[in-house]
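Take a look at the letters that make up each chain.
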Amino acid sequence: GAAASHGSQVVAFAARDLRVENAQQRKLEILARRRVHQEFIGHEILDNPFTQKGGSSQLALLSDAAYADGMERIHAALDNADGAPPVFVTDQWLTLLAGWVQ
């Protein structure tokens, strides 16, 4: 998701919610784009800020039940690891979009 500040208003949205209804009266700009690629070994994944429910727009949009199911799968993978701990990979793009209405 992204957030843009305009005066005292902050608007946050996920990319799937972005709609431009009248392109001649609106301006949309990509301000920043960053790739995050990380590998976490074993329990390191639990300390990753992107694993937290509010850590990314994709997880924030999940229901609490769906998030809990995913965390249960991570804990099961950790608990059932034979020998070497599992490796969890984060590979995502972070994009900041800003829009103005004239």
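For the structure, check the block above.
Scoring rules and cut-offs
- Residues numbered from 1 in each chain as written.
- Predicted model: local features only at pLDDT ≥ 70, side-chain atom pairs only at ≥ 80, totals over all residues.
- Heavy atoms only, no water.
- Helix = DSSP H or I, 4+ residues; strand = E, 2+ residues; numbered from the N terminus.
- Buried < 20%, exposed > 50% of the residue type's maximum accessible area, 1.4 Å probe, protein only.
- Contact = heavy atoms within 4.5 Å.
- Areas by Shrake-Rupley, 256 points an atom, 1.4 Å probe, with all protein chains shown as cover.
- Salt bridge = Lys/Arg side-chain N within 4 Å of Asp/Glu carboxyl O.
- Expected span 1.5 Å × (residues − 1).
- Arc of directions from axis to C-beta.
- Core = buried A, V, L, I, M, F, W, Y, C linked by side-chain atoms within 4.5 Å.
- Patch = residues over 30% accessible without salt bridge, like charges linked within 9 Å, V, L, I, M, F, W, Y side chains within 5 Å.

A word on the overall build of the protein chain
- Helix and strand counts for the protein chain come out as 2 helices and 4 strands.
- Its helices and strands taken in sequence order, the protein chain reads β-β-β-α-α-β from the N to the C terminus.
- By residue count, 20% of the 102 residues in the protein chain fall in the buried class.
- Looking at the protein chain alone, contacts between residues at least 24 apart form 67% of all its contacts between residues at least 6 apart.
- For the protein chain, the accessible area works out to roughly 7,600 Å², and carbon and sulfur atoms hold 51% of it.

Quick look at the pattern of salt bridges
- For the structure on display, the rule yields 2 salt bridges.
- Between D91 and R35 there is a salt bridge, and its shortest N-O distance comes to 2.9 Å. Here the residue D91 occupies a position in strand 4 (residues 87–101), and R35 occupies one in strand 3 (residues 26–41), the gap between them amounting to 56 residues.
- A relative accessible area of 46% places R35 in the partly exposed class.
- For K53, the salt bridge is made with D64, and the minimal N-O distance between the two is 4.0 Å. Highlighted residues: K53 in the loop between strand 3 and helix 1 (57–60) and D64 in helix 2 (residues 64–79), separated in sequence by 11 residues.

Regarding helix 2
- Between the first and last C-alpha of helix 2 there are 22 Å, a value that for 16 residues agrees with the 22 Å anticipated at 1.5 Å per step.
- All of the buried residues in helix 2 are Y67, G70, M71, I74 and L78. Looking down the long axis of helix 2, one finds its buried residues gathered within 95° of arc, a one-sided arrangement. Counted as exposed and oriented over 90 degrees from the buried face of helix 2: A65, E72, R73 and D79.

Looking at the nonpolar core
- Within the largest apolar cluster, 7 residues are counted, these being F40, I45, Y67, M71, I74, L78 and F88.
- Tallying contributions element by element places helix 2 first for this core, with 4 residues.
- Those residues in contact with F88 that lie beyond four places of it in its chain are Q38, E39, F40, G42, I45, I74, A77 and L78.

With respect to the side chain of N48
- Tracing the chain through its elements places N48 in the loop between strand 3 and helix 1.
- For N48, a relative accessible area of 3% gives the class buried.
- N48 has contacts with Q38, F40 and T90, leaving out every residue within four places of it along the chain.

Here's the deal with a nonpolar patch on the surface
- Taken together, I41, V87 and V89 make up a surface patch of nonpolar side chains, about 270 Å² in accessible area.
- Structurally, the position occupied by V89 is in strand 4.
- Accessibility expressed as a relative area gives 52% for V89, which makes it exposed.

As far as function goes, none of this settles anything; it's purely spatial.
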